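Below are the chains, spelled out letter by letter.
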Amino acid sequence: MCTVCGCGDAKLEGHQHHHHDHGYHHHPHHGDIHFGHGPAGVAVPGMSQERLIEIETDILAKNDRYALENRKRLASLGAFAVNLVSSPGSGKTTLLCKTIEHLAQTPLAVIEGDQQTANDADRIRATGAPAIQVNTGKGCHLDGHMVGHAMEHLDLAHGSFLFIENVGNLVCPAAFDLGEDCKIAILSVTEGEDKPLKYPDMFTAARLAILNKVDLAPYCDVDLDLYETNLRRVNPAIDILRVSARTGEGMAAWISWLNARRAEKILQRAAE
Amino acid sequence: MHEMSLCEGIRSVIEGATDRKVTRVRLEIGRFAGVEKNALEFAFDVVMRGSVAEGADLVFIDLPGHALCYDCVKEVEIMNRLDPCPTCGGGRLMPQGGDEMRIKDLEVI
Ligand SMILES: Nc1nc2c(ncn2[C@@H]2O[C@H](COP(=O)(O)OP(=O)(O)O)[C@@H](O)[C@H]2O)c(=O)[nH]1
Ligand SMILES: [Mg+2]
Ligand SMILES: [Zn+2]
């Protein structure tokens, strides 16, 4: 049940049978969700007598309400959610598959965002982990509403990790809060040391940057220290880990980073 | 770009606020909000079609970008995201505000 949009019982099956004014519908297989097809939403207009109406509202206020609901739901479950953002092909799905292997003892679930196809959710499900694909259609980012519905289908266990792989895009996902505990930016070493400077917002919004594909560093003349300098220039507080999802280098540090964050959240909750 | 989604957000706020004809919409946009104003204007015209704000003027009010310098620990105002600290010349600045995207007010008839 979506408490914010009130769009009713978002069951997997049956959802496509009734009209839905959010412009999305379910794919019959695995409950994958498709956005960006339906009619625009209808709002209920209010009244005002003034010629100038003060609004003072964030443009993304609606998204932020969905995100807040998601955050509350995650808090009540003691679940730790990360929003993985990067350009396409940096290795998000590969890293997730490897991460799932390393976290065999911890309950987790995955939300996969792409414009089209269920390829990535299929890759995750092949590891045995529960995953749901969200197709954004034309949309260049996931939003709080999409993630709220996806979470309903995942039946998150207490204390789990929720990994949200955003649409591959270094710009737009930075602005859309999904209710996650933190954003993690993945940057593969073949993308160029200047990317944090060219797309600063994403790296400023991230708590951790993963420099992935370090196994390729010897072949591409890259300066890993310069990557780190540029990342700290746009976000002096960012954590940085050098990883190869292919060889497993740096995976232990990444897993311990994740577990430390989850522990922090549990402590915070206990203190409240 | 996400300017289309922003305009859908603007439309839904407007439709929730009034059913009168809107002639002007004023937005406050922070310097670091990452908004491409030309793209936003274009998307605005398209998205407002068929709404009370169809054909409305879009006015931008720019808000300054502030940052905290990790070298001299002062809060400073900068024009561009990659500018050095105007106080100490340092290059490690954390934006503090400047990412605002707000609808300020509507003019209606
Ligand atoms: N050499 C190398 N290749 C990688 C690594 N991680 C991912 N890849 C490859 O990069 C390509 C894109 O990976 P994918 O996980 O689909 O990226 P996504 O679009 O960010 O989800 C695939 O061919 C992966 O095998 C890595 O650490 N090293
Ligand atoms: Mg992927
Ligand atoms: Zn300074």
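Source: prediction; values computed, not measured.

Regarding the overall build of chain B
Then step 1. Each helix and strand counted, chain B has two helices and six strands in total.
Then step 2. Taken from N to C terminus, the helices and strands of chain B fall in the order α-β-α-β-β-β-β-β.
Then step 3. Projected onto its principal axes, the C-alpha coordinates of chain B cover approximately 50 × 25 × 20 Å.
Then step 4. Across the 109 residues that make up chain B, the buried fraction comes to 47%.
Then step 5. Long-range contacts, defined here as pairs at least 24 residues apart, represent 72% of the contacts in chain B between residues at least 6 apart.
Then step 6. A total of about 5000 Å² of accessible surface is found on chain B, and carbon and sulfur atoms cover 49% of it.

Thoughts on the overall build of chain A
Then step 1. When helices and strands are tallied, chain A shows eight helices and ten strands.
Then step 2. When the accessible surface of chain A is split by element, carbon and sulfur atoms take 53% of a total near 11800 Å².

Some remarks on the pairing of strand 6 (residues 101-108) of chain B
Then step 1. Most of strand 6 of chain B sits inside the fold, with six of its eight residues counted as buried.
Then step 2. Here five bridges tie strand 3 (residues 52-58) of chain A to strand 6 of chain B, and the two strands are oriented antiparallel to one another. Note that in strand 6 of chain B the partner of Asp58(A) across the bridge is Arg102(B).
Then step 3. Examined bridge by bridge, strand 1 (residues 22-30) of chain B and strand 6 of chain B share seven bridges and lie antiparallel to one another. Among the inter-strand pairings, Leu27(B) is bridged to a residue of strand 6 of chain B, identified as Ile103(B).

Some details on the coordination of the magnesium ion (ligand 2)
Residue and element names in this part refer to chain A.
Then step 1. Every protein donor of the magnesium ion (ligand 2) is accounted for by Thr93 (OG1), Asp120 (OD) and Glu165 (OE), and the metal-donor separations fall at 2.1 Å.
Then step 2. When the donors of the magnesium ion (ligand 2) are listed by position in the chain, the intervening gaps give T-x26-D-x44-E. Here Glu165 lies in strand 7 (residues 161-165) and Asp120 lies in helix 3 (residues 119-126), a separation of 45 residues in the sequence.
Then step 3. Among the residues examined, Asp120 registers a relative accessible area of 11% and is labelled buried.
Then step 4. The class for Glu165 is buried, based on a relative accessible area of 3%.

A look at the confidence of the model for chain A
Residue and element names in this part refer to chain A.
Then step 1. Chain-level statistics for chain A give a pLDDT mean of 86 and a share of 82% at 70 or above.
Then step 2. Confidence over residues 6-23 falls short of pLDDT 50; this stretch has 36 contacts with residues more than four positions distant or in other chains.
Then step 3. Confidence over residues 37-49 falls short of pLDDT 50; this stretch has 26 contacts with residues more than four positions distant or in other chains.

Observations regarding unusual backbone geometry
Residue and element names in this part refer to chain A.
Then step 1. If you check the backbone angles, Lys213 has positive phi at about 65° while not being a glycine.
Then step 2. Structurally, Lys213 can be placed in the loop between strand 9 (206-212) and helix 7 (224-234).
Then step 3. Among the residues examined, Lys213 registers a relative accessible area of 23% and is labelled partly exposed.
Then step 4. For Asp221, which is not glycine, the phi torsion reads 55° and is therefore positive.

What about the nonpolar core?
Then step 1. Residues Ile10(B), Val25(B), Leu27(B), Ile103(B) and Leu106(B) are the most contacted members of the largest nonpolar core, which totals 30 residues.
Then step 2. Secondary structure elements with two or more residues in this core: strand 3 of chain A together with helix 1 (3-17), strand 1, helix 2 (37-47), strand 2 (57-63) and strand 6 of chain B.
Then step 3. In terms of residue count, the dominant contributor to this core is helix 1 of chain B (six residues).
Then step 4. Residues in contact with Leu106(B), not counting those within four places in the same chain, are Arg51(A), Leu52(A), Ile53(A), Ile55(A), Ile14(B), Ala17(B), Thr18(B), Val22(B), Arg24(B) and Val25(B).
Then step 5. Counting 29 residues, the second-largest nonpolar core is a separate cluster that includes Val82(A), Leu84(A), Ile210(A) and Leu258(A).

Examining the sheet that holds strand 5 (residues 93-95) of chain B
All names here are of chain B.
Then step 1. Judged by pairing direction, the sheet is antiparallel, and its three strands sit side by side in the order 4-3-5 without closing on themselves. Looking at strand neighbours, the two that pair on one side only are strand 4 (75-78) and strand 5, the edges of this open sheet. Taking each pair of neighbouring strands and ignoring which way they run, the sheet shows an average axis angle of 40°.
Then step 2. Relative to strand 5, strand 3 (residues 65-69) runs antiparallel, the two sharing three bridges. What sits directly across from Ala67, in strand 5, is Pro95.

Here's the deal with the coordination of the zinc ion (ligand 3)
Residues and elements named next belong to chain B.
Then step 1. Protein-derived ligands of the zinc ion (ligand 3) are Cys69 (SG), Cys72 (SG), Cys85 (SG) and Cys88 (SG), with the metal-ligand distances lying across 2.3 to 2.4 Å.
Then step 2. Taken together, the four donor atoms coordinating the zinc ion (ligand 3) span angles of 104 to 112° at the metal, a pattern that classifies the geometry as tetrahedral.
Then step 3. We note that the donor set of the zinc ion (ligand 3) lies within a single chain, spaced as C-x2-C-x12-C-x2-C. Separated by 13 residues along the polypeptide, Cys72 in the loop between strand 3 and strand 4 and Cys85 in the loop between strand 4 and strand 5 bring together distant segments of the chain.
Then step 4. Using a relative accessible area of 22% as the deciding quantity, one classes Cys72 as partly exposed.

Let's talk about the site of ligand 1
All names here are of chain A.
Then step 1. Around ligand 1, the structure places 16 residues, and the nearest of them are Gly89, Lys92, Thr93, Thr94 and Asp215.
Then step 2. Here Thr94 contributes a side-chain N or O atom positioned 2.5 Å from an oxygen atom of ligand 1.
Then step 3. Contacts to ligand 1 include Ala245, whose backbone N or O atom sits 2.9 Å from an oxygen atom.
Then step 4. Relative to its unbound accessible area of 580 Å², ligand 1 is 72% covered by the protein chains.
Then step 5. Broken down by element, the shell around ligand 1 gets its largest block of residues, three residues, from helix 2 (residues 92-102).

How each quantity is defined
- Residues numbered from 1 in each chain as written.
- Chains lettered and ligands numbered in written order.
- Predicted model: local features only at pLDDT ≥ 70, side-chain atom pairs only at ≥ 80, totals over all residues.
- Heavy atoms only, no water.
- Helix = DSSP H or I, 4+ residues; strand = E, 2+ residues; numbered from the N terminus.
- Buried < 20%, exposed > 50% of the residue type's maximum accessible area, 1.4 Å probe, protein only.
- Contact = heavy atoms within 4.5 Å.
- Areas by Shrake-Rupley, 256 points an atom, 1.4 Å probe, with all protein chains shown as cover.
- Pairing = 2+ DSSP bridges.
- Donors = N, O, S within 2.8 Å, 3.2 Å for Na, K, Ca; no water.
- pLDDT = per-residue confidence, 0-100.
- Core = buried A, V, L, I, M, F, W, Y, C linked by side-chain atoms within 4.5 Å.
- Axes fitted to C-alpha atoms, helices over the stretch in contact; angles between N-to-C directions.
- Tetrahedral: all angles 85-135°; square planar, octahedral: opposite > 155°, others 65-115°.
- Near = heavy atom within 4 Å.
- Polar contact = N/O pair within 3.5 Å; in protein donor to acceptor, adjacent residues only side chain to side chain.

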